[in-house]
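Survey of secondary and tertiary structure
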Amino acid sequence: MPALTARKAKRKTETALTREIMVALNRLPGVRVFRNNTGALPDRTGRIVYYGLGTGSPDLVGWKVMSLAKAVGGVAVWYDQAVFLGIEVKVPGKMKAHPEILENQDTWRDMIQNAGGLYFRVTSVGDAIAALVDH
């Protein structure tokens with residue numbers, strides 16, 4: 001029988017996981033990400049002020065510098081270009097969300113990818129690093 005003082009392993013919160021991923025990704029060369037908090041609060045006059053990129057926007061936003069090539073006079077010329085990056089963080093086992101929120105997240109994913117950006121849903125630091133290294 002387990003000891004009464006033994007504690008259950010505490011499940012990681014999305015906030016803690018997002019912070020760990022942000023710190024790890026900002027150590028990668030050419031990558032910079034920022035926390036995108038969204039919501040609304042009243043200002044000192046009581047007027048509601050909205051902040052963040054909007055409902056369904058990624059938890060982390062930023063860029064990844066990518067080396068690309070284009071043909072100039074039949075010769076490949078390499079150049080660096082920053083590409084928009086959106087990362088949605090999900091805690092394993094806690095991926096349930098309201099259908100409207102998931103729909104908004106899918107809309108953001110589609111907008112980012114259609115504009116040539118990178119978008120990932122990740123559940124760990126390893127997932128996030130692997131996603132960026134592979135692209």
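Now for a quick tour of the structure. (Residues numbered from 1 in each chain as written. Predicted model: local features only at pLDDT ≥ 70, side-chain atom pairs only at ≥ 80, totals over all residues. Heavy atoms only, no water.)

Remarks on the overall build of the chain
Note the following rule: To qualify as a helix, a DSSP run of H or I must reach at least 4 residues; to qualify as a strand, a run of E must reach at least 2; elements of each kind are numbered from the N terminus. Exposure is judged per residue with a 1.4 Å probe applied to protein chains only, and the accessible area is read against the type maximum: over 50% gives exposed, under 20% gives buried, and values in between give partly exposed. Calculation of accessible area relied on Shrake-Rupley with a 1.4 Å probe; when residues are assessed, cover is drawn exclusively from the protein chains displayed.
Of the regular secondary structure elements, the chain holds three helices and six strands. Across the 135 residues that make up the chain, the buried fraction comes to 27%. For the chain, the exposed area adds up to about 9,300 Å²; of that, 57% sits on carbon and sulfur atoms.

As for the sheet that holds strand 1 (residues 31-35)
Counted only if it meets this: Following DSSP output, two strands are said to pair if at least two bridges run between them. Axis lines are fitted through C-alpha atoms, for helices just across the contact stretch, and the angle between N-to-C directions can take any value from 0 to 180 degrees. Whether two residues touch is decided by their heavy atoms; if any such pair falls within 4.5 Å, the residues are in contact.
The mixed open sheet is built from four strands, whose spatial order is 1-4-5-6. The open sheet is flanked by strand 1 and strand 6 (118-122), the only strands paired with a single partner. Averaged over all pairs of adjacent strands, the angle between their axes in this sheet comes to 30°, without regard to strand direction. In this sheet, strand 4 (residues 60-72) lies alongside strand 1 in antiparallel orientation, the contact comprising five bridges. Residue pairing across strands places Arg32 opposite Trp63, the latter belonging to strand 4. Contacts from helix 1 (residues 14-25) reach strand 1, strand 4, strand 5 (75-89) and strand 6 within the one sheet, and its direction differs from that of strand 1 by about 155°. Packing against the sheet, helix 2 (residues 99-114) makes contact with strand 5 and strand 6, and its axis sits at approximately 145° to strand 6.

Regarding the nonpolar core
Soluble globular proteins: nonpolar side chains tend toward being buried together. To keep things clear, this is the line we draw: Think of a nonpolar core as a cluster: buried Ala, Val, Leu, Ile, Met, Phe, Trp, Tyr and Cys residues, connected wherever their side-chain atoms sit within 4.5 Å.
Core analysis: the largest hydrophobic core is formed by 19 residues, its most contacted members being Ile21, Leu25, Leu85, Ile87 and Phe120. Of all the elements in the fold, those that place two or more residues in this core are helix 1, strand 1, strand 4, strand 5, strand 6 and helix 3 (125-133). Apart from the residues within four sequence positions on either side, Phe120 is in contact with Leu85, Gly86, Ile87, Glu88, Ala131, Leu132 and His135.

Concerning the pattern of salt bridges
Heads up, the rule is: When a carboxyl oxygen of Asp or Glu is within 4 Å of a side-chain nitrogen of Lys or Arg, the pair counts as a salt bridge.
Under the counting rule described, the total for this entry stands at six salt bridges. Salt bridges sharing common partners tie together Asp106, Arg109, Asp110 and Arg121.

Here's the deal with the packing of aromatic side chains
The line we're drawing: Note on aromatic pairs: the rings of Phe, Tyr and Trp (six-membered ring only in Trp) are paired at centre separations within 6.5 Å, and the planes decide the class, stacked below 30 degrees, edge-to-face beyond 60, tilted for the rest. Throughout this description, the term charge over a ring refers to an Arg CZ or Lys NZ atom that lies within 6 Å of the ring centre and within 35 degrees of the ring normal.
Applying the stated criterion across every chain, the model contains one aromatic pair. Considering the side-chain rings of Phe34 and Trp63, the 5.8 Å spacing of their centres and the 50° angle between planes classify their relative orientation as tilted. Of this pair, Phe34 sits in strand 1 while Trp63 sits in strand 4, and the two are 29 residues apart along the sequence. A residue is classified by how much of its surface remains accessible, and Phe34, at 41% relative accessible area, is partly exposed. The ring of Tyr79 carries the charged tip of Lys70 above its face, separated from the ring centre by 5.4 Å.

Things to note about the side chain of Thr18
If you trace the backbone, Thr18 turns up in helix 1. Apart from residues no more than four positions distant in its own chain, Thr18 is found in contact with Arg35, Asp59, Leu60 and Val89.

Regarding the pairing of strand 4
Bridging between strand 4 and strand 5 involves 13 bridges; their strand directions are antiparallel. Across the sheet, residue Ala69 finds its bridge partner in strand 5, namely Trp78. Where strand 4 folds back on strand 5, the antiparallel hairpin that results is connected by two residues, among which Gly73 adopts a positive phi of roughly 60°.

Considerations on the pairing of strand 2 (residues 39-42)
Sheet topology places strand 2 next to strand 3 (residues 48-51); four bridges connect them, and they run antiparallel. Each bridged residue has a counterpart across the sheet, and for Gly39 the counterpart in strand 3 is Tyr51. The antiparallel hairpin formed by strand 2 and strand 3 contains five residues in its connecting segment, where Gly46 sits at a positive phi of about 95°.

Fair warning: the whole summary comes from geometry, so function is off the table for now.
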